[in-house]
Amino acid sequence: MNILVLNCGSSSVKYQLINEDTKLALARGSVERVGTSGAILTNVRSDGDEIKVTGDILEHTTAIEYILAVLLSKNHGVITNKNEIHAVGHRVVHGGETFTGSVLITDEVIKGIRDNFDIAPLHNPHNLRGIHACQTHLTNIPQVAVFDTAFHHEIPPHAYLYGIPYSLYSQYKIRRYGFHGTSHEYVAHRAAELLRKDIKKLKLITAHLGNGCSITAIDKGISVDTSMGFTPLEGLLMGTRSGDMDPSVILYVMSKEGLNYAEANTLLNKHSGLQGISGVSNDMREVIAEMNDGNKRAKLAFDVFCYRIKKYIGSYAAAMGGVDAVIFTGGIGENSPDVRKGVIDNLQFLGMEIDKTVNANKDKEKAIHTNKSEVSIFVIPTNEELMIALQTKEVVKSIKKK
Ligand code: AMP
């Protein structure tokens with residue numbers, strides 16, 4: 001079964017055509033700068049063939065047209081007929097309290113995604129555009145929505161409620177939802193495989209450290225707490241997002257600097273985090289390079305980043321009454337030995353110790369703990385697209401059985 005996995009953002013569409021039997025991508029790519037006449041599609045085939053196409057791609061529907069054209073093209077394509085795409089799996093960021101798992105897209109599901117526009121204005125509208133585009137170009141092919149929030153739907157009320165009037169939860173559904181669910185779920189299951197243990201017998205802490213960062217406590221395979229909250233702004237320090245802070249800070253800054261809602265939102269989401277503290281970059285590679293050149297603010301940003309992850313590891317170990325393994329994933333988690341070392345340093349009292357040599361080697365997937373470490377520590381490359389493809393397959397199989 002070939003599954004087209006789509007991740008539609010405001011100005012980009014990322015995709016992979018995954019063969020679910022081999023679990024490999026036949027082709028992967030992206031359309032960047034959607035909404036402009038200088039949009040660029042990049043398609044990379046599994047044999048390494050790469051093509052770039054530029055064009056007037058003013059809407060997501062046109063982006064899907066371009067993607068299908070390249071997948072079907074004689075010289076650079078991987079299929080000869082649209083029917084060789086057997087299902088489409090859409091990443092949908094916010095499922096709210098409505099969606100606790102992946103679902104076949106129907107009119108009712110579309111209404112549910114739309115109902116969550118209010119709490120995910122930056123994501124859900126674009127995700128829905130991708131769905132409508134596929135309904136236009138891939139008629140009669142089942143489409144499935146896979147939600148970033150779904151894996152976290154079993155977080156208990158004591159972990160998801162905020163300390164504000166309960167009526168705000170009842171009326172507006174203000175609570176912790178959590179994000180990056182497919183990534184946390186994928187690496188947790190992979191860690192259980194590596195440990196050769198049933199995930200139902202494990203306490204895991206998964207740290208997804210990319211442009212966005214979140215960390216999750218997974219007890220017996222269930223997400224019981226996670227650092228992102230009502231929106232993907234809460235928790236760890238990120239590339240440009242602040243993560244945790246006293247909510248009064250923003251009220252104070254708004255009054256001092258005369259910021260309106262949109263400006264305050266931009267400050268917290270686009271000008272904070274690594275970028276805001278270092279003044280150098282939102283990219284951890286550049287922050288580390290500057291830090292190594294003696295830039296003090298870059299070092300400060302690095303230290304805040306690692307310290308906050310360390311603090312969450314301690315609190316999640318306490319929340320679960322122990323921890324069997326910590327897993328690093330995402331662009332930073334997978335590629336930065338410095339960050340992993342900065343996080344795990346001095347956690348021997350929790351039974352965690354990193355092997356410096358293995359930590360620094362270039363292996364993609366690896367156990368980086370020493371023989372003495374009571375807690376396993378893994379680096380596991382995430383594969384959200386594969387997870388979306390597998391969940392899409394499950395939904396399609398279940399409807400075929402009915
Ligand atoms: P992601 O959102 O998972 O694609 O992660 C992207 C981020 O990973 C980039 O912004 C970089 O900060 C980070 N990254 C990628 N490679 C490295 C590396 N070798 N060292 C440190 N950070 C890296």
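All values reported here derive from a predicted model rather than from experimental measurement.

Describing the sheet that holds strand E6 (residues 87–92)
Across the sheet, which stays open at both edges, the eight strands sit in the order E5-E4-E3-E2-E1-E6-E8-E7 with mixed pairing between neighbours. Each of the sheet's edge strands pairs with one partner strand only, and the pair in question is strand E5 (50–57) and strand E7 (103–104). Both strand E4 (residues 36–45) and E5 contribute to a ladder of seven bridges, which runs antiparallel. Residue pairing across strands places Asn-43 opposite Ile-51, the latter belonging to E5. Sheet strands touched by helix H1 (residues 60–72): strand E1 (2–8), strand E2 (13–19), strand E3 (24–32), E4 and E5. Its angle to E5, the strand with the most contacts, is close to 150 degrees. On the sheet, helix H15 (residues 384–401) packs against E1, E2, E6, E7 and strand E8 (143–147) and is oriented at approximately 125 degrees with respect to E6.

With respect to the environment of Lys-82
Looking at where Lys-82 falls in the secondary structure, it is placed in the loop between H1 and E6. Relative accessible area serves as the criterion here: at 35%, Lys-82 is assigned to the partly exposed category. Residues in contact with Lys-82, not counting those within four places in the same chain, are Leu-68, Leu-72, His-137, Leu-138 and Ile-141. At 3.0 Å, the side chain of Lys-82 and the backbone oxygen of His-137 are in polar contact.

Some points on the site of the ligand
Near the ligand, the surroundings consist of Gly-210, Asn-211, Asp-283, Met-284, Arg-285, Gly-330, Gly-331, Ile-332, Asn-335 and Ser-336. Ile-332 places a polar main-chain atom, nitrogen or oxygen, 3.4 Å from an oxygen atom of the ligand. For the ligand, a nitrogen atom lies 3.5 Å from a polar atom in the backbone of Asn-335. Burial of the ligand by the protein chains amounts to 70% of its free accessible area of 510 Å². Of all the cavities here, the one that holds the ligand is the second largest pocket. Among the elements of the structure, helix H10 (284–292) and helix H12 (330–335) are those that each provide at least two residues to the shell around the ligand. With four residues, H12 is the largest single contributor of residues to the shell around the ligand. Its residues placed into classes, the shell around the ligand shows two nonpolar, six polar and two charged.

Things to note about the sheet that holds strand E13 (residues 366–367)
What the six strands build is an open sheet, ordered E11-E10-E9-E12-E14-E13; its pairing is mixed. Looking at which strands have only one partner, the edges of the open sheet turn out to be strand E11 (222–226) and E13. Where helix H6 (residues 181–195) meets the sheet, its contacts fall on strand E9 (203–209), strand E10 (213–219), strand E12 (325–329) and strand E14 (376–379), and the angle it forms with E9 comes to roughly 130 degrees. In the packing of helix H11 (residues 296–320) onto the sheet, the strands contacted are E9, E10, E11 and E12, and the crossing angle to E10 comes to about 15 degrees.

Details of the nonpolar core
Of all hydrophobic cores here, the largest spans 42 residues; its most connected members are Leu-209, Phe-305 and Ile-313. Contributions of two or more residues to this core are made by E9, E10, H10, H11, E12, helix H13 (337–344) and E14. Sorting elements by how many residues they give to this core places H11 first, with eleven residues. Filtering out sequence-adjacent residues up to four positions away, Ile-313 remains in contact with Ile-205, Ile-215, Val-326, Val-343, Ile-344, Leu-347, Leu-350 and Met-352. Counting 27 residues, the second largest nonpolar core, distinct from the first, contains Ala-25, Ala-87, Ile-388 and Val-396.

What counts and what doesn't
- Residues numbered from 1 in each chain as written.
- Predicted model: local features only at pLDDT ≥ 70, side-chain atom pairs only at ≥ 80, totals over all residues.
- Heavy atoms only, no water.
- Pairing = 2+ DSSP bridges.
- Helix = DSSP H or I, 4+ residues; strand = E, 2+ residues; numbered from the N terminus.
- Contact = heavy atoms within 4.5 Å.
- Axes fitted to C-alpha atoms, helices over the stretch in contact; angles between N-to-C directions.
- Buried < 20%, exposed > 50% of the residue type's maximum accessible area, 1.4 Å probe, protein only.
- Polar contact = N/O pair within 3.5 Å; in protein donor to acceptor, adjacent residues only side chain to side chain.
- Near = heavy atom within 4 Å.
- Areas by Shrake-Rupley, 256 points an atom, 1.4 Å probe, with all protein chains shown as cover.
- 1 Å grid on protein atoms, 1.4 Å probe; cavity = no way out; pocket = protein on both sides within 12 Å on 5 of 7 lines; lining within 4 Å.
- Sits in = over half its atoms within 2 Å of the grid points.
- Nonpolar A, V, L, I, M, F, W, Y, C, P; charged D, E, K, R; others polar.
- Core = buried A, V, L, I, M, F, W, Y, C linked by side-chain atoms within 4.5 Å.

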